[in-house]
Amino acid sequence: QVQLVESGGGLVQPGGSLRLSCAASRSGFRGSTMGWYRQAPGKERALVARISGGGTTNYADSVKGRFTISTDSVRATVYLQMNSLKSEDTAVYYCNTYPQHNFSWGRGTQVTVSS
C-alpha cells in the first residue's frame, strides 16, 4: 500500500499561518476524495477538510474561512493552507481518503499554536 507522508507542521503563534503537505505517488490517490484530519490532545481524530476528485471542497465549521484545502494531481500532493491559527487548532494533522480510509494512518504532522 502507498505510504502517505504528512509534513509542514510546527510551532506558530496565534494568528500565524502554516501550509501542510501530504505526499504520495500519483497512483496512490486514484481520483479519490482526500481529507485532512486532526487529533487534538484528549480527543478523537476528526475530519477538518476534504476535496473531491472534481475539486469540490468542504470544511468543518471550526475552520471555515481560515483553512483552504487544495491538490496538485501531477505531484500527487494535497495541501492544507492554515491561516489565522488559533490555540484550538493545536493537534496532530493527518491525511487520508474520504470517507473510506484507504491508506494506513501515518505519523501525521504536529501543529502547535502557542505564544
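Source: prediction; values computed, not measured. (Residues numbered from 1 in each chain as written. Predicted model: local features only at pLDDT ≥ 70, side-chain atom pairs only at ≥ 80, totals over all residues. Heavy atoms only, no water.)

*Asks:* Could you clarify how one ought to interpret the overall build of the protein chain in this entry?
*Replies:* Scanning the protein chain for helices and strands turns up 1 helix and 10 strands. Reading the secondary structure of the protein chain in the N-to-C direction produces β-β-β-α-β-β-β-β-β-β-β. The C-alpha radius of gyration computed for the protein chain amounts to 13 Å, which stays within 12% of the reference 13 Å derived for 115 residues, consistent with globular compactness. If one aligns the C-alpha atoms of the protein chain with their principal axes, the spans along those axes are about 40 × 25 × 20 Å. A sequence separation of at least 24 residues applies to 52% of the contacts in the protein chain between residues at least 6 apart. Carbon and sulfur atoms provide 44% of the accessible area of the protein chain, an area that totals close to 6300 Å². (Helix = DSSP H or I, 4+ residues; strand = E, 2+ residues; numbered from the N terminus. Rg over C-alpha atoms; globule rule 2.2 N^0.38 Å. Contact = heavy atoms within 4.5 Å. Areas by Shrake-Rupley, 256 points an atom, 1.4 Å probe, with all protein chains shown as cover.)

*Asks:* Looking at this structure, how should I read the nonpolar core?
*Replies:* Nonpolar side chains in soluble globular proteins tend to end up buried together. Core analysis: the largest hydrophobic core is formed by 25 residues, its most contacted members being Trp36, Phe67, Leu80, Met82 and Tyr93. Secondary structure elements with two or more residues in this core: β3 (18–23), β4 (33–39), β5 (46–51), β7 (67–72), β8 (77–82), β9 (91–98) and β10 (109–113). Excluding residues that lie within four positions of it along the chain, Leu80 makes contacts with Leu18, Arg19, Leu20, Trp36, Ala49, Phe67, Thr68, Ile69 and Tyr93. (Core = buried A, V, L, I, M, F, W, Y, C linked by side-chain atoms within 4.5 Å. Buried < 20%, exposed > 50% of the residue type's maximum accessible area, 1.4 Å probe, protein only.)

*Asks:* Any chance you could explain the environment of Gly10 here in plain terms?
*Replies:* Tracing the backbone shows Gly10 in strand β2 (residues 10–12). With relative accessibility at 24%, the residue Gly10 sits in the partly exposed group. Distance in space between the C-alpha atoms of Gly10 and Val113 is 8.4 Å, their sequence separation being 103 residues. Setting aside residues up to four positions removed in sequence, Gly10 forms contacts with Leu18, Gln110, Val111 and Thr112.

*Asks:* Can you walk me through the pairing of β4 in this structure?
*Replies:* Regular strands place their side chains on alternate faces of the sheet. Among the 7 residues that make up β4, 6 are buried, leaving the element largely enclosed by the rest of the structure. Taken together, β4 and the strand that follows it, β5, pair antiparallel across an intervening segment of 6 residues, in which Gly42 is found at a positive phi of about 75°. (Pairing = 2+ DSSP bridges.)

*Asks:* What am I meant to see in the pattern of salt bridges here?
*Replies:* Proximity of charged atoms lets side chains of opposite charge pair with each other. Counted according to the given criterion, the structure contains 4 salt bridges. As a salt-bridge pair, Arg75 and Asp72 come within 3.8 Å of each other at their nearest N and O atoms. Residues joined in a network through salt bridges with shared partners are Arg38, Arg66 and Asp89. (Salt bridge = Lys/Arg side-chain N within 4 Å of Asp/Glu carboxyl O.)

*Asks:* I would appreciate a short explanation of the state of the cysteines in the present structure.
*Replies:* Scanning all chains against the criterion turns up 1 disulfide. Note on cysteine connectivity: Cys22 is disulfide-linked to Cys95, with sulfurs 1.8 Å apart. The sign of the S-S torsion, about 65°, decides the handedness of the disulfide formed by Cys22 and Cys95: right-handed. Linking Cys22 in strand β3 with Cys95 in strand β9, this pair joins segments that are 73 residues apart in sequence. (Disulfide = S-S within 2.5 Å.)

Honestly, that's just the spatial picture; any functional story needs more than this.
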